[in-house]
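Topology and contacts: notes
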Amino acid sequence: MTPIRRLAAAVAATIMTSVLVAGVSPPASAAEHDGSCQGLELCLYYNSGQAGALHDFRYRVSDFAPYRFLGSGKGSGVPVKNNAASAANRDGYFTARVYFNSGYAGPADDVPPLSARNLGDTYNDNASFNWCHQQPLVCG
Amino acid sequence: MTARVLVRTAVLLALPVAGCAAAPADVAVESSGGSAVGGVVQARSGAASPEAGLTLPLDAYAYTAAEDQLLGQSAAARVRDCAASLGLDDATIDPLPFGTAAEAATAVAGRHDRRYAVADPEVAAAHGYHPPSTTDVRREFYEAHTDAELEVLVGVAADGAVTMRDDVPDGGCLGAAARAGAVASEPALRAGQDLVSSVQSDAWHAALADARVLDAFSAWSACMSEAGYQYAAPMDANDDPRWWTSDTAGADEIATAVADVACKESTGLIPAWSAAEADYQTQFIAAHQAELDAYRALLDQQVSAARTSVE
């Protein structure tokens with residue numbers, strides 16, 4: 001993004017803040033960290049094949065340490081960090097990149113838009129995740 | 001020498017470049033069929049910007065910066081046409097969820113920059129183990145658009161409610177563009193991505209158990225110990241829980257990261273580690289060569305279709 005585009009985006013984001021709060025912000029039922037995997041979220045699961053307890057994230061996380069798997073499934077209450085086996089990306093346009101180490105470091109597994117997969121490198125070794133443009137694959 | 005036996009890996013060197021951040025020098029390393037890595041073949045002090053960083057054999061099974069940018073350009077053009085026909089002008093459409101050519105080039109050149117955690121002395125001095133602050137590209141996209149714009153662009157408002165407009169295609173203009181650009185079989189593409197991911201993972205874990213890498217870790221650990229820091233392996237320093245309770249680095253973290261990068265450089269940690277990984281990747285690629293070639297052909301199909309669409 002050029003500086004001008006970035007500035008325009010920043011200005012737009014500022015102007016839209018009230019809209020965000022009033023209209024774009026998800027209703028309570030679609031909140032992140034509620035143990036329900038919904039649209040626009042990255043969901044990490046305790047077991048392979050999107051099974052067991054899960055945790056749903058809407059925004060990137062530089063370290064999973066504060067989070068635990070939610071709900072009543074297997075793994076509920078276990079820390080998310082280094083314990084996820086699979087993931088589902090419920091965003092239609094952004095790739096979620098799950099990293100082996102904290103702060104978006106180490107090798108990573110990509111979860112393309114609207115897809116689900118078992119984790120590879122980061123199987124039980126997931127420390128952080130970021131959102132990326134799918135094309136070109138550019139992460140923030 | 002074929003491309004297959006030329007495994008290019010890189011050594012991060014702090015070059016005394018006046019007025020510039022320490023530039024990573026790209027060093028090609030010759031590998032013979034996945035066995036021992038030979039000597040340094042060539043060093044390049046690039047005038048090209050962005051500086052080419054570390055490359056690994058599996059990078060051949062991902063889009064290059066130019067290909068990636070072409071795919072984004074093709075999709076963005078489709079989205080603009082579609083949105084214009086639905087009454088959104090260019091100014092309202094931006095930002096779209098596509099990176100620019102410059103961002104694509106930087107991202108591809110730097111795709112392994114943090115593979116072995118912080119490696120650049122200036123980044124360590126400024127940010128410790130934390131990544132330099134960047135934009136959350138997804139948040140930027142959703143927050144920059146009104147509900148009405150999101151209805152046209154993605155077919156739903158940000159709360160997930162599907163649009164009632166019957167003139168908007170399924171998934172909005174972005175959905176329509178994705179379908180128009182998808183020429184290769186989606187299940188085959190996913191299978192290829194999974195294979196690349198598993199080769200990558202196997203090579204990463206094999207390298208972590210390799211004597212060359214373990215020796216390099218020991219040397220790094222001894223160097224850190226001399227500087228007053230006790231860590232068995234580099235990723236233990238990156239993942240020290242003390243760093244990750246805040247969004248920015250404190251003085252202890254920065255001091256540790258600066259010592260870490262100095263020890264990585266003085267012990268040759270990253271060249272040893274990346275060479276071992278490159279060897280295992282080459283070996284595991286060879287074991288799946290036909291499947292990987294077929295996957296690369298799918299990527300090429302996608303690129304050709306995008307090229308045709310922008311011509």
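Values in this document were obtained by computation on a predicted structure and should not be read as measured data. (Residues numbered from 1 in each chain as written. Chains lettered and ligands numbered in written order. Predicted model: local features only at pLDDT ≥ 70, side-chain atom pairs only at ≥ 80, totals over all residues. Heavy atoms only, no water.)

Looking now at the overall build of chain A. Each helix and strand counted, chain A has two helices and eight strands in total. By the burial criterion, 51% of the 140 residues in chain A qualify as buried. Partitioning the intrachain contacts of chain A with sequence separation of at least 6 by distance along the chain shows that 55% fall at a separation of at least 24. When the accessible area of chain A is evaluated, it comes to approximately 5,200 Å², of which 57% is carbon and sulfur surface. (Helix = DSSP H or I, 4+ residues; strand = E, 2+ residues; numbered from the N terminus. Buried < 20%, exposed > 50% of the residue type's maximum accessible area, 1.4 Å probe, protein only. Contact = heavy atoms within 4.5 Å. Areas by Shrake-Rupley, 256 points an atom, 1.4 Å probe, with all protein chains shown as cover.)

What follows concerns the packing of aromatic side chains. Across all of its chains, the model carries 17 aromatic pairs over all chains by this definition. Seen in terms of ring centroids, Y129(B) and W243(B) are 5.9 Å apart; in terms of plane orientation they differ by 10°. Their pairing is stacked. Of this pair, Y129(B) sits in the loop between α4 (121–127) and α5 (137–144) while W243(B) is found in the loop between α10 (234–238) and α11 (251–267), placing the two residues 114 residues apart along the sequence. Assigned by exposure class, Y129(B) and W243(B) land together as buried. On the numbers, 4.9 Å between centres and 75° between planes, the contact of F217(B) with W273(B) is edge-to-face. Placement of F217(B) in helix α9 (residues 211–226) and of W273(B) in helix α12 (residues 269–287) is noted, with a sequence separation of 56 residues between them. Owing to a relative accessible area of 9%, F217(B) belongs among the buried residues under this scheme. Ring pairing ties together the aromatic residues F57(A), F64(A), Y67(A), F129(A) and W131(A), which thus form one cluster. Just above the ring of W131(A) sits the side chain of R138(B); from NZ or CZ to the centre is 4.2 Å. In this structure, R139(B) is placed above the aromatic ring of Y59(A), and the distance from its NZ or CZ to the ring centre is 3.9 Å. (Phe/Tyr/Trp six-rings, centres within 6.5 Å; stacked < 30°, edge-to-face > 60°. Lys NZ or Arg CZ within 6 Å of the ring centre and 35° of its normal.)

Counting residues at the interface gives 53 residues for chain B, matched by 51 residues for chain A. Both sides of the chain B and chain A interface together cover about 4,600 Å² of buried area, and 55% of this is carbon and sulfur. The tally of links from chain B across to chain A stands at one salt bridge. Mapped by element, the contributors of at least two residues to the side of chain B that touches chain A are α1 (65–85), α3 (101–109), α5, α6 (147–154), α7 (172–181), α8 (186–208) and α10 of chain B. Broken down by element, the side of chain B that touches chain A gets its largest block of residues, nine residues, from α8(B). (Buried area = accessible area lost by both parts, 1.4 Å probe. Salt bridge = Lys/Arg side-chain N within 4 Å of Asp/Glu carboxyl O.)

Once that is clear, we can look at the sheet that holds strand β4 (residues 94–101) of chain A. All names here are of chain A. In space, the four strands of this open sheet follow the order β5-β4-β7-β8, with antiparallel pairing throughout. Only two strands of the sheet have a single partner each, and these edge strands are β5 (105–111) and β8 (138–139). Two strands pair when backbone bridges link them, and β4 and strand β7 (residues 128–133) are joined in this way by six bridges, in the antiparallel orientation. Residue pairing for β7: Y99 is matched across the bridge by S128. (Pairing = 2+ DSSP bridges.)

Residue and element names in this part refer to chain B. Counting across every chain of the model gives 17 salt bridges over all chains. Of the charged contacts, one joins R242 and D240 as a salt bridge, the two residues approaching to 3.1 Å between their closest N and O atoms. Here the salt bridges do not stand alone but share partners, grouping E67, R296 and D300 into one network.

Next up on the list: the packing of α8(B) against α12(B). Residue and element names in this part refer to chain B. Where α8 meets α12, the axes come as close as 8 Å, and the angle between the chain directions of the two elements is 135°. Here α8 is positioned oblique relative to α12, judged by the angle of their axes. When you trace α8 past α12, the crossing you get is right-handed. Every residue of α12 that contacts α8 at V199, Q200, D202, A203, W204, A206, A207 and L208 is listed here: W273, A276, E277, Y280, Q281, F284 and I285. (Axes fitted to C-alpha atoms, helices over the stretch in contact; angles between N-to-C directions. Parallel < 35°, antiparallel > 145°, perpendicular 65-115°, else oblique. Left-handed = near helix turned anticlockwise from the far one by under 90°.)

All names here are of chain A. Here we have four strands laid out as an open sheet, ordered β2-β1-β3-β6, and antiparallel in their pairing. Of all strands in the sheet, those with a lone pairing partner are β2 (51–57) and β6 (115–118), marking the two edges. Strand-to-strand twist across the sheet, computed as the mean angle between neighbouring axes with direction ignored, equals 20°. Where strand β1 (residues 42–47) and strand β3 (residues 86–89) come together, four bridges link them in antiparallel fashion. Bridge pairing in β3 links L42 to N89.

This next bit is on the nonpolar core. Note on soluble globular proteins: their nonpolar side chains tend to be buried together. One finds L42(A), L44(A), F129(A), V79(B), F141(B), L153(B) and L174(B) to be the most contacted residues of the largest nonpolar core, which totals 40 residues. Considering each element in turn, this core owes the most residues, five residues, to α1(B). Apart from residues lying up to four places away in sequence, L174(B) is in contact with Y93(A), V79(B), P97(B), F98(B), F141(B), L153(B) and V154(B). (Core = buried A, V, L, I, M, F, W, Y, C linked by side-chain atoms within 4.5 Å.)

This part takes up the pairing of β7(A). All names here are of chain A. Burial within β7 is extensive, with six of its six residues counted as buried. Residues S128, N130 and C132 of β7 are buried on one face, and the alternating residues F129, W131 and H133, pointing to the opposite face, are buried as well. Relative to β8, β7 runs antiparallel, the two being bridged by two bridges. The residue of β8 that forms the bridge with H133 is V138. Between β7 and β8, which pair antiparallel and follow one another directly, the connecting turn spans four residues.

The predicted coordinates should not be examined in detail at positions where pLDDT is low. In the predicted model, chain A carries a mean pLDDT of 81, and 79% of its residues have values of at least 70. Below pLDDT 50 for its whole length, residues 1–29 of chain A participates in 41 contacts with residues either more than four positions away or in separate chains. (pLDDT = per-residue confidence, 0-100.)

Right, let's talk about the environment of D202(B) for a bit. Residues and elements named next belong to chain B. Structurally, D202 is set in helix α8. For D202, a relative accessible area of 45% gives the class partly exposed. Along the backbone, D202 and Q281 are 79 residues apart, and their C-alpha atoms lie at a distance of 8.2 Å.

It is worth spelling out the state of the cysteines at this point. Under the defined criterion, the tally for this structure stands at four disulfides over all chains. Here C37(A) engages in a disulfide with C43(A); their sulfurs sit 2.1 Å apart. Here the disulfide of C37(A) and C43(A) is right-handed, its torsion about the S-S bond being about 100°. Considered together, C37(A) and C43(A) belong to a single accessibility category, that of buried residues. For C82(B), the disulfide goes to C173(B), at an S-S distance of 2.0 Å. Judged by the torsion about the S-S bond (-75°), the C82(B)/C173(B) disulfide is left-handed. Of this pair, C82(B) sits in helix α1 while C173(B) is found in helix α7, placing the two residues 91 residues apart along the sequence. When sorted by exposure, C82(B) lands in the same class as C173(B), which is buried. In chain B, the bonded cysteines, taken in the order they occur along the sequence, pair up as 1-2, 3-4. Cysteine pairing for chain A (bonded cysteines numbered in sequence order): 1-2, 3-4. (Disulfide = S-S within 2.5 Å.)

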